[in-house]
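So the chains spell out like this:
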Amino acid sequence: MRTLSRNFLLVAGAILSLTGCETGRLLTGGGGPYHVVAHRPNDPSAVRVRVSLAKQNVYVMEGDRCLMAVACSVGLANKPTPRGSFTIYSKQEHKRSGSYGFSVNGNSVTPATSGSASGHYVGYPMGYWCEFAPGYGFHQGFVHPVPRTHGCIRLKGEAAPKFFALVRVGTPVNIATTQPEDATIGATVQRVDDSRTPDPDPHIMISDAAFQRPTGQLLE
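The model shown is predicted, which means the values in this text are computed figures rather than measured ones. (Residues numbered from 1 in each chain as written. Predicted model: local features only at pLDDT ≥ 70, side-chain atom pairs only at ≥ 80, totals over all residues. Heavy atoms only, no water.)

Chemist: How do you make sense of the pattern of salt bridges when you look at a structure like this?
Modeler: As a working rule, side chains carrying opposite charge can pair if their charged atoms are close by. If you walk through the whole model with that rule in mind, you get five salt bridges. One salt bridge connects Lys 156 with Asp 194, and the closest N-O pair in it is separated by 2.9 Å. Separated by 38 residues along the polypeptide, Lys 156 in the loop between strand 13 (153-155) and helix 2 (159-166) and Asp 194 in the loop between strand 14 (172-176) and helix 3 (202-205) bring together distant segments of the chain. Accessibility assignment for this pair places Lys 156 and Asp 194 in one class, buried. (Salt bridge = Lys/Arg side-chain N within 4 Å of Asp/Glu carboxyl O. Helix = DSSP H or I, 4+ residues; strand = E, 2+ residues; numbered from the N terminus. Buried < 20%, exposed > 50% of the residue type's maximum accessible area, 1.4 Å probe, protein only.)

Chemist: What is the right way to look at the sheet that holds strand 9 (residues 108-113) in this model?
Modeler: Pairing between the strands of a sheet comes from backbone hydrogen bonds, and it takes one of two forms, parallel or antiparallel. Within the open sheet, the three strands sit side by side as 9-8-10. Their pairing is antiparallel. If you trace the sheet from one side to the other, it starts and ends with strand 9 and strand 10 (120-125), each paired once. Averaged over all pairs of adjacent strands, the angle between their axes in this sheet comes to 40 degrees, without regard to strand direction. Relative to strand 10, strand 8 (residues 96-105) runs antiparallel, the two sharing five bridges. Note on strand 10: the bridge partner recorded for Gly 101 is Gly 123. (Pairing = 2+ DSSP bridges. Axes fitted to C-alpha atoms, helices over the stretch in contact; angles between N-to-C directions.)

Chemist: What's the story with the nonpolar core in this structure? I'm lost.
Modeler: Nonpolar side chains in soluble globular proteins tend to be buried together. Ranked by size, the top nonpolar core spans 41 residues in total, and within it Val 49, Val 58, Val 60, Phe 138, Leu 155 and Phe 163 carry the most contacts. When residues of this core are traced back to their parent elements, those giving at least two are strand 3 (47-52), strand 4 (57-62), strand 5 (65-73), strand 11 (129-133), strand 13, helix 2 and strand 14. When residues of this core are assigned to their parent elements, the largest contribution, seven residues, is made by strand 5. When residues no more than four places from it in sequence are discounted, the contact partners of Val 60 are Val 47, Arg 48, Val 49, Arg 65, Cys 66, Leu 67, Met 68, Phe 163 and Leu 166. Within the second largest apolar cluster, six residues are counted, among which are Phe 102, Val 104, Tyr 124 and Met 205. (Core = buried A, V, L, I, M, F, W, Y, C linked by side-chain atoms within 4.5 Å. Contact = heavy atoms within 4.5 Å.)

Chemist: Is there a simple way to think about the pairing of strand 14 in this case?
Modeler: On any regular strand, side chains alternate: one points to one face of the sheet, the next to the other face. Of the two faces of strand 14, the one holding Val 173 and Ile 175 is buried and the one holding Pro 172, Asn 174 and Ala 176 is not buried anywhere. Bridging between strand 6 (residues 84-87) and strand 14 involves four bridges; their strand directions are antiparallel. The residue bridging Gly 84 from the neighbouring strand is Ile 175, located in strand 14.

Chemist: In this structure, what is going on with the confidence of the model for the chain? I would like to understand it.
Modeler: Interpretation of this model should avoid reading the predicted coordinates in detail wherever pLDDT is low. Looking at the chain as a whole, the pLDDT averages 87, with 85% of positions reaching at least 70. Taken together, the stretch residues 1-20 has pLDDT below 50 and engages in 77 contacts with residues farther than four places along the chain or on a different chain. Counted against residues more than four places away or in other chains, residues 22-30, with its pLDDT under 50, gives 37 contacts. (pLDDT = per-residue confidence, 0-100.)

Chemist: Sorry if this is basic, but what is going on with helix 2 here?
Modeler: Three or four residues apart is the spacing at which side chains of an α-helix point the same way, because the helix has 3.6 residues per turn. The element helix 2 is extensively covered by neighbouring structure, given that seven of its eight residues are classed as buried. Taken together, the buried positions of helix 2 are Ala 159, Ala 160, Pro 161, Lys 162, Phe 163, Phe 164 and Leu 166.

Chemist: Help me understand the side chain of Thr 171 in this model?
Modeler: For Thr 171, the location among the structural elements is in the loop between helix 2 and strand 14. By relative accessible area, Thr 171 is classed as buried at 2%. Within the structure, Thr 171 has its side chain in polar contact with the backbone nitrogen of Arg 168 (distance 2.9 Å). (Polar contact = N/O pair within 3.5 Å; in protein donor to acceptor, adjacent residues only side chain to side chain.)

Chemist: What is the right way to look at the pairing of strand 4 in this model?
Modeler: With six of six residues buried, strand 4 lies mostly within the body of the structure. Neither face of strand 4 is open: one carries Asn 57, Tyr 59 and Met 61, the other Val 58, Val 60 and Glu 62, and all of them are buried. Here strand 3 runs beside strand 4; their pairing, made up of six bridges, is antiparallel. Bridge pairing in strand 4 links Val 51 to Val 58. Between strand 3 and the antiparallel strand that follows it, strand 4, lie four residues; Gln 56 among them carries a positive phi value of about 55 degrees. Across six bridges, the pairing between strand 4 and strand 5 is antiparallel. In the sheet register, Asn 57 faces strand 5, and the bridge partner there is Ala 71.

What follows is the structure, encoded as structure tokens:
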């Protein structure tokens with residue numbers, strides 16, 4: 001269950017700005033900070049999301065204008081992220097998993113599935129959930145340099161609440177192996193490696209403290 005708990009750690013961070021979107025270096029070891037610049041759209045109805053599975057990048061666009069570009073984690077080969085055109089149809093800031101989480105017995109908190117919990121079940125935090133297909137959504141969590149999820153799209157730290165602020169119910173989402181932005185913006189996106197980040201304290205993971213927000217403003 002150690003790997004499962006890594007799916008949902010909430011972290012913050014730092015990034016550099018270039019051509020209106022993000023650029024930078026590789027974050028290694030414990031992941032490091034990840035500050036994300038997200039630009040306020042002029043017309044929220046014109047916002048579009050494009051996901052590149054090959055690059056593991058999320059591009060939030062308004063026409064040709066990049067509002068935010070960040071690294072993400074996508075689905076494993078045997079549990080792939082769906083490809084195609086979708087829309088965001090559900091948003092939930094404090095979402096928890098209905099399948100994986102913890103069994104809580106007094107002060108004892110142990111990893112468990114919803115069907116195997118011997119005590120009170122509390123799901124893993126999947127903060128800033130933006131659902132685009134049944135059971136699939138964007139949410140906050142660890143980001144790795146290789147596909148890692150069960151099909152969801154994970155965003156590191158403050159990228160998740162900023163993405164949550166940029167999209168709304170009805171925002172179009174296109175998920176494909178590659179995107180046109182891979183050849184331009186893609187090269188500037190800061191890469192992330194949370195593979196050696198320690199597991200979080202499960203007592204924090206079952207509390208509201210698991211849902212972290214940026215300390216600054218959401219949109220520039």
